[in-house]
Amino acid sequence: MTATPHLVALDVDGTTINHAGEMSSVVHAAVRAAVDAGHHVTIATGRSIVATMPILAELGIETGYAVCSNGAVTLRLDPALERGYEVTEAVTFDPAPALNLLREAWPDSVVAVEDLGVGFKVSAPFPEGELGGDQVVVPWAELVAEPVTRVTFRDPAGTAQDFMDLAERIGLHGVNYAVGFTAWLDINPEGVSKGSALELVRRHLGVEPAHTVAVGDQRNDLEMLHWAARGVAMGNAPDEVKAAADETTLDVDDDGLVPVLQSLL
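Now for a quick tour of the structure.

Rules and cut-offs
Residues numbered from 1 in each chain as written. Predicted model: local features only at pLDDT ≥ 70, side-chain atom pairs only at ≥ 80, totals over all residues. Heavy atoms only, no water. 1 Å grid on protein atoms, 1.4 Å probe; cavity = no way out; pocket = protein on both sides within 12 Å on 5 of 7 lines; lining within 4 Å. Points joined across faces, edges and corners; volume = space filled by probe spheres on them. Nonpolar A, V, L, I, M, F, W, Y, C, P; charged D, E, K, R; others polar. Pairing = 2+ DSSP bridges. Helix = DSSP H or I, 4+ residues; strand = E, 2+ residues; numbered from the N terminus. Expected span 1.5 Å × (residues − 1). Contact = heavy atoms within 4.5 Å. Polar contact = N/O pair within 3.5 Å; in protein donor to acceptor, adjacent residues only side chain to side chain. Salt bridge = Lys/Arg side-chain N within 4 Å of Asp/Glu carboxyl O. Buried < 20%, exposed > 50% of the residue type's maximum accessible area, 1.4 Å probe, protein only.

What to know about the layout of surface pockets
Inference 1: Roughly 160 Å³ of internal volume is contained in the second largest pocket.
Inference 2: As for the second largest pocket, its lining consists of 13 residues, of which His39, Val41, Ile61, Thr63 and Gly64 are closest to the centre.
Inference 3: Here the lining of the second largest pocket is built from residues that sort into five nonpolar, six polar and two charged.

A closer look at the sheet that holds strand β13 (residues 230-233)
Inference 1: The five strands lie next to each other as β2-β1-β12-β13-β14, forming an open sheet whose pairing is parallel. Single-partner strands in this sheet number two, and they are β2 (40-43) and β14 (247-248).
Inference 2: As defined by bridge partners, strand β1 (residues 7-10) adjoins strand β12 (residues 212-216) across four bridges and the pair is classed as parallel. Counted as the bridge partner of Val8 is Val213 from β12.

What about helix α6 (residues 194-205)?
Inference 1: Taking 1.5 Å per residue as the helical rise, α6 with its 12 residues ought to reach 16 Å, and the 16 Å between its terminal C-alpha atoms agrees with that figure.
Inference 2: Looking at the buried side of α6, the elements it contacts are β1, β2, β3 (64-68), β4 (73-77), β12 and α7 (222-227).
Inference 3: Near the N-terminus of α6, the side chain that reaches the backbone nitrogen of Gly195, with its oxygen 3.2 Å away, is that of Ser193.
Inference 4: Just past α6, the residue Gly206 takes up positive phi, approximately 75 degrees.

Quick look at the pattern of salt bridges
Oppositely charged side chains can form a pair if their charged atoms are brought close together.
Inference 1: Enumeration according to the criterion identifies 13 salt bridges in this entry.
Inference 2: Salt-bridge contacts for Arg150 lead to Asp186; the nearest nitrogen and oxygen are separated by 3.9 Å. Here Asp186 lies in strand β11 (residues 184-189) and Arg150 lies in the loop between α4 (140-143) and β9 (151-154), a separation of 36 residues in the sequence. In this structure, Arg150 and Asp186 share a single accessibility class: buried.
Inference 3: Residues Glu247 and Arg230 are paired through a salt bridge, measuring 2.9 Å at the closest nitrogen-oxygen approach. Taken together, the positions of Glu247 in strand β14 and Arg230 in strand β13 put the pair 17 residues apart, joining distant regions of the chain.
Inference 4: Assessed through its relative accessible area of 30%, Glu247 is described here as partly exposed.
Inference 5: Overlapping salt bridges bring together Asp11, Lys194 and Asp221 as one network.

Here is the structure:
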């Protein structure tokens, strides 16, 4: 190791893997080189635990930390543990106020609430491949009955702009939310984001704030990009995400993550 170890936070979808769900060999090699050089490569994703673990396995990351559910869940990775991880932080909130507002404004949507480490309880099945883990269809009363780490509100027929307009129109208070690149709205506890979770990870690892890097491509990465000393937006990111970043790299289809990681070696 010749460089100072950095905390390197990587988004998954649209950053580490492309929109077809594939990780290129050069991205894989660049991540492995960063890990082998001693950097604390930390996956920070909106994915659930169940959907994150295969990415970690593919990258061969078995130790350190991972941030899931847009910051609501933090894992400590350890191959000696039964599942290869333990949950060190799980922040929950009451989903009922936000979900009831959204249901009234957009009754045709489908809703998922995270069942930690298992999958999701859903109002109706989501499109295949969009949620990791088990999907169990339950009545609305069960969806809003207990505190959860994350809620996903989805309409495959809508657009991202539709959902941004919806969130602004109805007002969502007491929660943190982010609209995806399609009509996909993630809702988390107020004050919780990838950035807030990564700050706790940084302190656990003893990394100086100046030695933090984050790479992402969507609105749920905004806080993370602000948090990092070096925030990098992917070339496929929306303009508002690029504006929040310190720099912009290439598109995910052009392996934009690679030059960022190579610059740390």
